[in-house]
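Chains, contacts and geometry: an overview
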Amino acid sequence: MIIPLARKIQYPLTDYTLNALGFGVHGIYEGRDWGVHLGEDVLQSHNTPVFSIGTGHVVYSAVHVGSVEKGNWGNIVIIGHKHPVTKKVFYALYGHLGTRTKNTDDKVKKGEVIGTVGKSNTPENGWWEEEHLHFSIYIGPWSDKILPGYYKKEQKRTHLEDWVNPSEFIKKYNSLR
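Report follows, based on the coordinates. (Residues numbered from 1 in each chain as written. Predicted model: local features only at pLDDT ≥ 70, side-chain atom pairs only at ≥ 80, totals over all residues. Heavy atoms only, no water.)

Another point: the pairing of strand E5 (residues 56-64). Of all the nine residues making up E5, seven are buried; the element is thus mostly covered by neighbouring parts of the structure. Summarising the sheet, E5 and strand E8 (residues 107-108) pair through two bridges and their orientation is antiparallel. Residue histidine 57 lies in a different strand from E8, and its bridge partner there is lysine 107. As paired strands, E5 and strand E6 (residues 74-82) are joined by seven bridges and run antiparallel to one another. Bridge pairing in E6 links valine 63 to asparagine 75. (Buried < 20%, exposed > 50% of the residue type's maximum accessible area, 1.4 Å probe, protein only. Helix = DSSP H or I, 4+ residues; strand = E, 2+ residues; numbered from the N terminus. Pairing = 2+ DSSP bridges.)

See the structure below:
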């Protein structure tokens, strides 16, 4: 069940400033080609609260530890929302969380804490050096499986057109009357 959103949504952090890798940027870390970045990375100190952008339903909540050699999501929460005008469902993805306060099938309200930013180089943040939130908006079909953070055509894990720039999405969404 997807709960409809109010007319306005919010950013997932009190101080949401794109200060790391942006949406659509080709990511290369330590010489490894990750592909096209499907979200926005916002550097924040660990334990910083992360908020739901709106009212919705948690469709996925888990930890994907990864390893020091190959980072992963760490704690991740994905929340489904229904757009009030188009009535289409979209999904907000929050990755590299230190803690998750919501589980799969939980209902959430706009502004509710869903977790915290993870500490660097820990299993909870997926072994990434930077303490940051990875935030994405996915508009494709939900198939009850983890979503990727990067797009590579040859991997066929997702379609680039199923992802939108999170900051632009929020601005456009909030301009609706």
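Having seen it, we continue.
Take threonine 122: it is sitting in the loop between strand E9 (113-117) and strand E10 (132-138). Given a relative accessible area of 15%, threonine 122 falls into the buried group. Each C-alpha atom of the pair threonine 122 and glutamate 161 lies 32 Å from the other, and the pair is 39 residues apart in sequence.

Together, Arg32, Lys70, Lys145 and Arg157 line one region of the surface with positive charge. Take arginine 157: its relative accessible area is 48%, and that puts it in the partly exposed class. (Patch = residues over 30% accessible without salt bridge, like charges linked within 9 Å, V, L, I, M, F, W, Y side chains within 5 Å. Areas by Shrake-Rupley, 256 points an atom, 1.4 Å probe, with all protein chains shown as cover. Salt bridge = Lys/Arg side-chain N within 4 Å of Asp/Glu carboxyl O. Lys, Arg positive; Asp, Glu negative; His and termini not counted. Charge placed at Lys NZ, Arg CZ, Asp CG, Glu CD.)

Attention shifts here to the pairing of strand E7 (residues 89-100). Taking burial as the measure, the 12 residues of E7 include nine buried ones, the bulk of the element. The pairing of E6 with E7 spans eight bridges and is classified as antiparallel. Counted as the bridge partner of valine 77 is tyrosine 94 from E7. Judged from the five bridges that link them, E7 and E10 form a sheet pairing that is antiparallel. Its bridge partner being in E10, glycine 95 is matched across the sheet by histidine 134. Strand direction decides the pairing type here: E7 and E9, joined by three bridges, are antiparallel. Bridge pairing links leucine 97 to valine 117 in E9.

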